[in-house]
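So the chains spell out like this:
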Amino acid sequence: MRAVVHRAFGPPDVLSVAEVPVPVPEADGLLIRVHAATVTAVDCAARQGEPLPARLAFGPIRPKYPVLGADCAGRIEAVGENVRGFAPGDEVVALSGSFGTHAEYVCVSQDSPVAAKSADLTHGEAVAVTEGAMTALPFLRDAARLESGQSILVNGASGSIGSAAVQLAAHTGAEVTAVCSGANLDLVRSLGADRAIDYTVEDFTGARGAYDVIFDAVGKSSFGRCRGALRTGGRYLTTVSSMAIMGQTVWTRLGRRRAGIALTGLRPASDKARDLVLIRELAEAGALRAVTDREYPLDQAVEAHRHVGTGHKRGAVVLRMSGDD
């Protein structure tokens, strides 16, 4: 099979398409023929081996995961002898705990986050809507405890996580303010934002006591800058881990305004699997739609990484393994 491989850390040019063996599912495993996967900032960090602490996860000397990609939508080709509930021919969306989805086939355990793909979505749409929502959903539901009637500001609202957060918050019944570039104001309004702010024109942190929740989906601000814009009892949440936010999470726990981060990737696989089902149901109900910046064929993985690396993608970037839907 063909896969996007990197044998050394570095810029997008370290990637190449190579022939590698088709993986064989273990007794509890599923062999999935991948139709589409997303290229994310995490893939770029793993490929670069940066920042330095990332080397602990991605390999201190050479890449621990030569084939990247953490999600996919595709069709089950074979199952292990102990698998129950899945069969060859099933169309699924799956998350891999050890990368590997930037290939024509990938193996995952039946106990991994796997769910039936919606018949209403193409494979590309299924992974695009999943990527951002799998992070935004636990942040808003579990960390923010967002409720109808509350006011939330989403910073980085046109990215994959931000665009999902705007839609989820609107579906909850919250009043949504979306911060993005001027070119994406119409997009975030179409996703349900009540107000849209061009960050190049207006500094949203200048507001005073305006929001119950500030969700920094891109980690470009800070609790210190945003604190004054929070109401009493308000929460500042960021997707980017740092020593600062870890400390602030502790010392603001009993304060009038709190800071926090949700390590969504560390949640149990069973919780992620339930969220995959919920995201599918929300998409089928029209409460969530895929926002896709660009789709690239497998042979253009270098260009896909280069585009994601600009930090200005709009929604998800999808890598297609075949022309099939």
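What you see is a predicted model; the values in this text were computed from it and never measured.

Some remarks on the UniProt feature "domain: Enoyl reductase (ER)" (unreviewed entry) in the protein chain
The UniProt feature table records "domain: Enoyl reductase (ER)" (unreviewed entry) at residues 10-319. Helix and strand shares over residues 10-319 are 29% and 26% respectively, and the end C-alpha atoms of the span are 20 Å apart.

Focus: the sheet that holds strand β11 (residues 211-216)
Within the open sheet, the six strands sit side by side as β10-β9-β8-β11-β12-β13. Their pairing is parallel. Strand pairing shows two members of the sheet lacking a second neighbour, β10 (195-198) and β13 (258-260), which therefore form its edges. Direction aside, the axes of adjacent strands within the sheet are offset by 15 degrees on average. For strand β12 (residues 230-238) and β13, the ladder comprises three bridges, and the chain directions are parallel. Within β13, the position partnered with L237 by the bridge is G260. Packing of helix α3 (residues 123-143) onto the sheet brings it into contact with β8 (151-155), β11 and β12, and relative to β12 it is tilted by some 150 degrees.

Quick look at the packing of aromatic side chains
Enumeration according to the criterion identifies five aromatic pairs in this entry. Here the aromatic rings of F58 and F99 are separated by 6.1 Å at their centres, their planes lie at 65 degrees, and the arrangement is edge-to-face. Of this pair, F58 sits in helix α2 (residues 55-58) while F99 sits in the loop between β5 (91-95) and β6 (105-109); the two residues are 41 residues apart in sequence, bridging distant segments of the chain. In this structure F99 comes out as buried when scored by relative accessible area, which is 12%.

Quick look at the pairing of strand β4 (residues 71-79)
For strand β3 (residues 29-39) and β4, the ladder comprises six bridges, and the chain directions are antiparallel. Within the sheet, the bridge partner assigned to V34 lies in β4 and is G74. Pairing analysis gives five bridges linking β4 to β5, with the strands arranged antiparallel. When the bridges of β5 are listed, G74 appears paired with V92.

Let's talk about unusual backbone geometry
We note that F99 has phi near 60 degrees; this positive angle belongs to a residue other than glycine. Of note, the phi angle at R145 is positive, near 55 degrees, even though the residue is not glycine. Structurally, R145 is set in the loop between α3 and β8.

Quick notes on the rules
Residues numbered from 1 in each chain as written. Predicted model: local features only at pLDDT ≥ 70, side-chain atom pairs only at ≥ 80, totals over all residues. Heavy atoms only, no water. UniProt positions renumbered as here; feature names shortened; annotations may be inferred. Helix = DSSP H or I, 4+ residues; strand = E, 2+ residues; numbered from the N terminus. Pairing = 2+ DSSP bridges. Axes fitted to C-alpha atoms, helices over the stretch in contact; angles between N-to-C directions. Contact = heavy atoms within 4.5 Å. Phe/Tyr/Trp six-rings, centres within 6.5 Å; stacked < 30°, edge-to-face > 60°. Buried < 20%, exposed > 50% of the residue type's maximum accessible area, 1.4 Å probe, protein only.

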